[in-house]
Amino acid sequence: MRLEVYTTIPPTPMMMDPIIKIMIELLSVLALATKQIKQGRISECTVRYTLLCSMCHREIFKDVVG
């Protein structure tokens, strides 16, 4: 239900900058994880880092949205 609200209401210009920064960071983390997996270097540390970044982004977005 919350996702529907986020997708139906257009973001304000003030929200666009943080949203873009979050998306860039998320893509960066996914690229790093993909590279590690392809090189066979996936480890518990990488998984923890990816999860930590995900949680941080969620917190940042929660602060932006309110």
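A. Up close: the overall build of the protein chain. Within the protein chain, the secondary structure is distributed over 3 helices and 0 strands. Each helix and strand of the protein chain, placed in order from N terminus to C terminus, yields the pattern α-α-α. For the protein chain, with 66 residues in total, the buried portion stands at 11%. Total accessible area on the protein chain is roughly 5,700 Å²; 68% of this is exposed by carbon and sulfur atoms.

B. Main features of the pattern of salt bridges. Under the definition given, this model contains 1 salt bridge. Residues D17 and K21 are paired through a salt bridge, measuring 3.4 Å at the closest nitrogen-oxygen approach. With a gap of 4 residues between them, D17 and K21 both fall in helix 2 (residues 13-38), about one helical turn apart.

C. Up close: the confidence of the model for the protein chain. Per-residue confidence for the protein chain gives a mean pLDDT of 76; residues scoring 70 or more make up 70%. For the protein chain, per-element mean pLDDT is lowest for helix 3 (residues 44-65), which scores 64, and highest for helix 2, which scores 86.

D. Broad picture of a nonpolar patch on the surface. A grouping of L3, V5, Y6 and I9 is seen on the molecular surface, where their side chains present a nonpolar patch of about 390 Å² in accessible area. Looking at where Y6 falls in the secondary structure, it is placed in helix 1 (residues 2-8).

E. Quick peek at helix 2. Look at helix 2: 38 Å from first C-alpha to last across 26 residues, which is about the 38 Å you get at 1.5 Å a residue. Every buried residue of helix 2 is accounted for by I22, V29, A33 and Q36. Phi for G40, located one or two positions after helix 2, is positive at around 75°.

Cut-offs used in this document
Numbering of residues starts from 1 in each chain and follows the order in which that chain's sequence is written. Note on the predicted model: pLDDT of at least 70 is required for a residue's local features to be given, and 80 or more for side-chain atom pairs to be given and counted; whole-chain, interface and lining totals, by contrast, use all residues. Side-chain calculation: all heavy atoms of the structure are included, whereas hydrogens and water are not. Secondary structure elements are defined from DSSP: runs of H or I of at least 4 residues count as helices, runs of E of at least 2 residues count as strands, and each element is numbered from the N terminus. Whether a residue is buried, partly exposed or exposed follows from its accessible area with a 1.4 Å probe, protein chains only, as a fraction of its type maximum: under 20%, in between, or over 50%, in that order. To be clear on the numbers: accessible area is Shrake-Rupley with a 1.4 Å probe, and residue cover counts the displayed protein chains and nothing else. A pairing counts as a salt bridge when a side-chain nitrogen of Lys or Arg comes within 4 Å of a carboxyl oxygen of Asp or Glu. Confidence of the prediction at every residue is given by pLDDT, a number between 0 and 100. A patch is a set of surface residues, each over 30% in relative accessible area and not in a salt bridge, joined within 9 Å for like charges and within 5 Å for the nonpolar side chains Val, Leu, Ile, Met, Phe, Trp and Tyr. Helix span is expected to be 1.5 Å times the residue number reduced by one.

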